[in-house]
Structures are given as C-alpha cells and as structure tokens.
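# Examination of the molecular architecture
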Amino acid sequence: MHPARIGLVVLLAALLVAGAQAMRSNGEKTNQAAGQTTDIEMENPDPTALTIQPDIPSLKDVFAGDFKLGTAIPVSAITSQDGPDAQLLIKHFNSITAENELKWDATEPREGQFDFTRADPIVKFAVNNGIGLRGHTLVWHSQTPDWVFHDEAGNLVSKEVLFARMKQHIQTVAGRYKGQIYAWDVVNEVLEPGDHAPGGLRNSLWYQIAGEEYIEKAFIYAREVDPNAKLFINDYNTNMPDKRQDLYDLIKRLKDKGIPVDGVGHQTHIGIEYPSVQELDDMVTAFRDLAIEQQITEMDMSIYTNDVDAYDTFPLDLQIKQAKRYQAIFDVFRKHKDQVNSVTIWGKDDGNTWLRSFPVNRNNWPLLFDERLQAKYAYWALVDPDRVPEETSQAADSATHSGVWQVCHDEEANPTEGVVAPENAGCFADRLQPNTR
Ligand code: XIL
C-alpha cells in the first residue's frame, strides 16, 4: 500500500480509538462504535473492540475459600448476553447486585403498578449463569416515590397506610424473586447521626411517620415472603465509631425483640486515604458478638480526598497506592472470613461507576477493571501482588489536573449512560465520607 494511504489508515484508526474511548468514558459502548470501522481498510479491522483478558485468574476462584465476590450492574451491562461485559461478569463474579433496578422507584413507580422490565433480565442472567443475587433494596429514603408517604391531598399518610403500602411492596417484589435472591438489603441507610434523632436514626419520612417500628415491620414482612433469603440491614460509614455503635445498638434492640435480622451490610464506599485499614478491621470486629452475618455490599475506592480535585488521567502513583490499599483491606476481609461471607464491588469497570457523577462530575477510577475491561493494578494486588510495582512518587506529572467539570446539583445528577438516573438521586450530599468533604 502507498505510504500515504497507510498513514491515513493509521490516522483513522487512531481517531476511532480516541473517539471510542471518549464515548466509553461517557458510558457509551466502544464495541458499538466499532461497527464503523468496516468502511476503512481491514489491516486493523476493529481496533476499538472490547475484549476481556480470558487467561487471567478469575477473582471468584481466588476468593473461593473465603467469600463470594460480587459486583453491581445496571441492566444495560447485559443487553448482550455474550458481549464483553457479560463475559467479564461470568468470568470473575459469583454474586451480582442490581445497581438501581430493584429499588422502589424502578419496581413500583405508582401505587400498585409494578414494573419488572428492568429487574427481570438481571435476575434471569444471574440464575442462568449460576451467579448469586443480592437484592437491593426494599425500604430506603432515597429513590422512593413521593406517593409512598403522601395521600392525595399531599398530607403524610398514617402509620397504618404506610405499613400497608410497605407490605404490598415487599410481598410483590421479594415474592416475585423468592428463592432466587440469597440476601436482601431489607432496609438501607436508616441511620444518620447528624439528624440527632434518638438512636442516631435518620429523620426520614419513614421515621417521621412510623418511628423505629418501620424497620421492624420491613424485616417481618420480608421474612414472611421469602423465609430462605438472608435479611440485611445495610448502611454506609459503618466504620465510623459513633455510627457503628448506633448500628450495633439498633441491631441488638431488633434481635432482642425477635425481629429476623440475619446480617449487617457495610457499604464501604471509601477513599484513597480514609478510613484506615485498622478502622475497617475494627468495623468487622465490632459486630462479631451479635452472631449475625456480615457482608461488604458496595465497596469502591475513590482516588480523591476532596470534592475539588479532578484528573484527566489516572496518576501512576495513585494507581499503585490504590492497589496496595485494596490488598491490605482484602487481607482484613480474609482474616474475618468466618464473619464476612460476601464482598461486592460497586461496579465492574471504571467506565461505569456512580463516582463519575457523585459527588461531582469528574473522572474517577475506583474499581478493579479499567474502562476497557482490563485488569488494573488493583486487580493484580488481589491476585498476584508481585505484579504491582513499588510505590513511586515520580508519576505526579503523568496526569494533568483540570478541576471539577461541573458541580452536581440536586435533581440534576447526570450519571453516566447505562446507569439510569433516578428522579430523586440528587447528590447524596449528606452521605460523604469525611475525606471527601
Ligand atoms: C447509586 C447508584 O450507583 C447510582 O446509579 C444511582 O444514581 C444512585 O444510587 N448507596 C446505595 C446505592 O445504597 O443504592 C447507591 O447506588 C450508592 C450509595
């Protein structure tokens, strides 16, 4: 071929790769963009196609003797049942959580009108592939439609009406998937010490209408409908000593009353610096004597320590630091494997993470696989730590620093494509770890 023509082909291919990478970081699939390559020369037929690494160890096998290894996905990840996203899931994970599809606003947007069009495919995918499923979540203050709490005149409903609505919701949703979900987050984020309610309970509409009893009822209804699912209370910042104590006390009160709480879920949305590994160790230790199961339900590791920084590329020193921190934290989980029976990472690849729109829109690289589904150092730290370079400070210039793109305002959250934006997702401004404040 004429050298000029070769140059053109190379240029076109490079443009396609760059364009497709940009699209993927916006949540669009590079393998869709790849179809466009057919018009040009076939020397490099599909430079942008995503392929997983088929020969690297499966994470779920690495941890087979310890705990289930899970991830969270939007339904769009399995649109193609044998595409690279699905292949990555099947190869590495033996537990899946639906990222939004089982939440109240997705399953019962209007009273009595249930919609399982987004949840069913995920459940089916998990069952067909022998992957366990965590149910997330039955009762939460967020991503829950307003009608749940109000009457037609806009007033708060009575406790009796609220419980009747809750019961119908739990019976229908948990009933539909009975026997297919091994653990339900029955209640999510019921604590918020900053609200200064007794016991550190969150002053949500659930609480305002029904007090602590709403938590009891949720567990009772869930046990009635699916007696074999393990029933969890799930929350974030459970490492922080005050909140941890509130959670401990709440579970103790519930158990003393005979409420069927089987486990505590630690979300574990953490940062590159905070909390310390020791604090995470203490977190698990703190719940030991309650004789309940523990699960890590939503782990990710933001690379930032505040809401202002933003990198265009992922600095090498932070890649290494993140990897070593993943390793140290997983060592703790392993040490407590008699307590911790499932560890879920909140997303499978850095191109699809809620941390690219929360708490602000910016790049972030919190997970184990990169945007192109390739194993990061964070993955290797868990699988073969010798493959992670020693920490280096040289890499600061390997990345440019561009500042936050756009501040996320309530009701204007703009999650990456493939993650459905809930109407009331907001910015979750109340939930930040101290390090990201
Ligand atoms: C997040 C999802 O990842 C986002 O796609 C969505 O916009 C908002 O919710 N704690 C939880 C999860 O319990 O349900 C949240 O998931 C992350 C924080």
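Treat the numbers as computed from the prediction; the structure is a model and nothing was measured.

Reading the values: the criteria
Residues numbered from 1 in each chain as written. Predicted model: local features only at pLDDT ≥ 70, side-chain atom pairs only at ≥ 80, totals over all residues. Heavy atoms only, no water. Helix = DSSP H or I, 4+ residues; strand = E, 2+ residues; numbered from the N terminus. Contact = heavy atoms within 4.5 Å. Areas by Shrake-Rupley, 256 points an atom, 1.4 Å probe, with all protein chains shown as cover. Buried < 20%, exposed > 50% of the residue type's maximum accessible area, 1.4 Å probe, protein only. Pairing = 2+ DSSP bridges. Right-handed = clockwise from strand over helix to strand, strands pointing away. Phe/Tyr/Trp six-rings, centres within 6.5 Å; stacked < 30°, edge-to-face > 60°. Lys NZ or Arg CZ within 6 Å of the ring centre and 35° of its normal. Salt bridge = Lys/Arg side-chain N within 4 Å of Asp/Glu carboxyl O. Axes fitted to C-alpha atoms, helices over the stretch in contact; angles between N-to-C directions. Left-handed = near helix turned anticlockwise from the far one by under 90°. Nonpolar A, V, L, I, M, F, W, Y, C, P; charged D, E, K, R; others polar. pLDDT = per-residue confidence, 0-100. Core = buried A, V, L, I, M, F, W, Y, C linked by side-chain atoms within 4.5 Å. Parallel < 35°, antiparallel > 145°, perpendicular 65-115°, else oblique.

Right, let's get into the overall build of the chain. Secondary structure assignment for the chain yields 13 helices and eleven strands. The contacts in the chain between residues at least 6 apart in sequence include a share of 78% that link residues at least 24 apart. Accessible surface, the chain: about 17700 Å² in total, of which carbon and sulfur atoms supply 50%.

As a general feature of sheets, a regular strand has side chains that alternate between the two faces. Because side chains alternate across strand 6 (residues 263-266), one face comprises the buried residues G263 and G265, and the other comprises V264 and H266, equally buried. Examined bridge by bridge, strand 5 (residues 230-235) and strand 6 share four bridges and lie parallel to one another. Across the sheet, the residue bridging to N234 is G265, located in strand 6. For the segment spanning strand 5, helix 10 (residues 241-256) and strand 6, crossover handedness is right-handed. Note that strand 6 and strand 8 (residues 293-302) share four bridges and pair parallel. Counted as the bridge partner of G263 is E293 from strand 8.

The next thing to look at is the packing of aromatic side chains. Considering all chains together, one arrives at 17 aromatic pairs under this definition. Between F114 and F116, the aromatic rings sit 6.1 Å apart at their centres with planes inclined by 5 degrees, giving stacked as the arrangement. Its relative accessible area of 23% is what places F114 among the partly exposed residues. The lysine or arginine in question, K68, covers the ring of Y182, its NZ or CZ lying 4.5 Å from the ring centre. Above the ring of Y236, the side-chain terminus of K243 is found at 3.7 Å from the ring centroid.

Turning to the environment of F149, a few remarks are in order. Mapped onto the elements of the fold, F149 is located in the loop between strand 3 (132-139) and helix 7 (159-176). As for F149 and I209, which are separated by 60 residues in sequence, their C-alpha atoms are 8.2 Å apart. Leaving out residues up to four positions away in the same chain, F149 has contacts with T144, N155, L156, V157, L162, R165, L205, W206 and I209.

In this structure the tally under the stated criterion is 21 salt bridges. Between E293 and K230 there is a salt bridge; the shortest N-O distance is 3.6 Å. Of this pair, E293 sits in strand 8 while K230 sits in strand 5, and the two are 63 residues apart along the sequence. Residue K230 is classed as partly exposed on the basis of its relative accessible area, which comes to 36%. One network of salt bridges, with partners in common, ties together D66, R334 and K337.

Moving on, we get to helix 11 (residues 277-286). Buried residues of helix 11: E279, L280, D281, M283 and V284, and no others. The elements touched by buried residues of helix 11 are helix 10, strand 6, strand 7 (269-271), strand 8, helix 12 (316-335) and strand 9 (340-345).

Within the secondary structure, H266 sits in strand 6. Apart from the residues within four sequence positions on either side, H266 is in contact with N234, D235, T238, M283, F287, Q294, Q295, I296, T297 and E298.

Here the focus is the packing of helix 7 against helix 9 (residues 213-225). Each pair of packed helices can be summarised by the angle the axes make with each other and by the distance between the axes. The contact between helix 7 and helix 9 brings their axes to 9 Å, and the two run at 35 degrees. The two elements helix 7 and helix 9 cross, and the hand of that crossing is right-handed. Where helix 7 abuts helix 9, its residues K159, F163, M166, K167, I170, Q171, A174 and G175 lie against E213, Y214, K217, A218, Y221, A222, E224 and V225. Split into classes, the residues belonging to the contact of helix 7 with helix 9 amount to nine nonpolar, two polar and five charged.

Turning our eyes to something else, we now look at the environment of I320. Tracing the sequence through the fold places I320 in helix 12. Distance from I320 to E390, taken between C-alpha atoms, is 7.3 Å for residues 70 residues apart in sequence.

Summing up the model confidence of the chain, the mean pLDDT is 86 and the portion of residues at 70 or higher is 79%. Scored below 50 in pLDDT, residues 394-399 makes eleven contacts in the model with residues more than four places away or belonging to other chains. Note that residues 405-437 has pLDDT below 50 and, in this model, 89 contacts with residues that lie over four places away or in other chains.

Counting residues in each nonpolar core, the largest one holds 109 residues, and the members touching the most others are I170, W184, Y214, I233, M299 and F330. Among all residues touching M299, those that are not within four sequence positions of it are Q267, T268, I270, Y326, I329, F330, F333, T344, I345, W346 and L367. One finds A72, W346, L355 and F358 within the second-largest nonpolar core, a separate group that totals five residues.

Attention now goes to unusual backbone geometry. A cis amide bond, omega 5 degrees, links H136 with the succeeding residue T137. You can see T137 is positioned in strand 3. Between F358 and the following residue, P359, the backbone shows a cis peptide bond with an omega angle of -5 degrees. Mapping P359 onto the fold places it in the loop between strand 9 and strand 10 (360-361). Despite not being glycine, E189 shows a phi value in the positive range, around 55 degrees. Not every positive phi belongs to a glycine, and L373 is a case in point at roughly 65 degrees. With respect to the helices, strands and loops of the structure, L373 is situated in the loop between strand 10 and helix 13 (377-383).

Right, let's get into the packing of helix 10 against helix 11. One can describe the packing of helix 10 onto helix 11 by two numbers: an axis separation of 11 Å at closest approach and a directional angle of 15 degrees. In this view, helix 10 runs roughly parallel relative to helix 11, as classed from their interaxial angle. Between helix 10 and helix 11 the crossing geometry is right-handed. Contacts from P241, R244 and Y248 of helix 10 reach helix 11 at E279, D282, M283 and A286. Classifying every residue of the contact of helix 10 with helix 11 gives four nonpolar, no polar and three charged.

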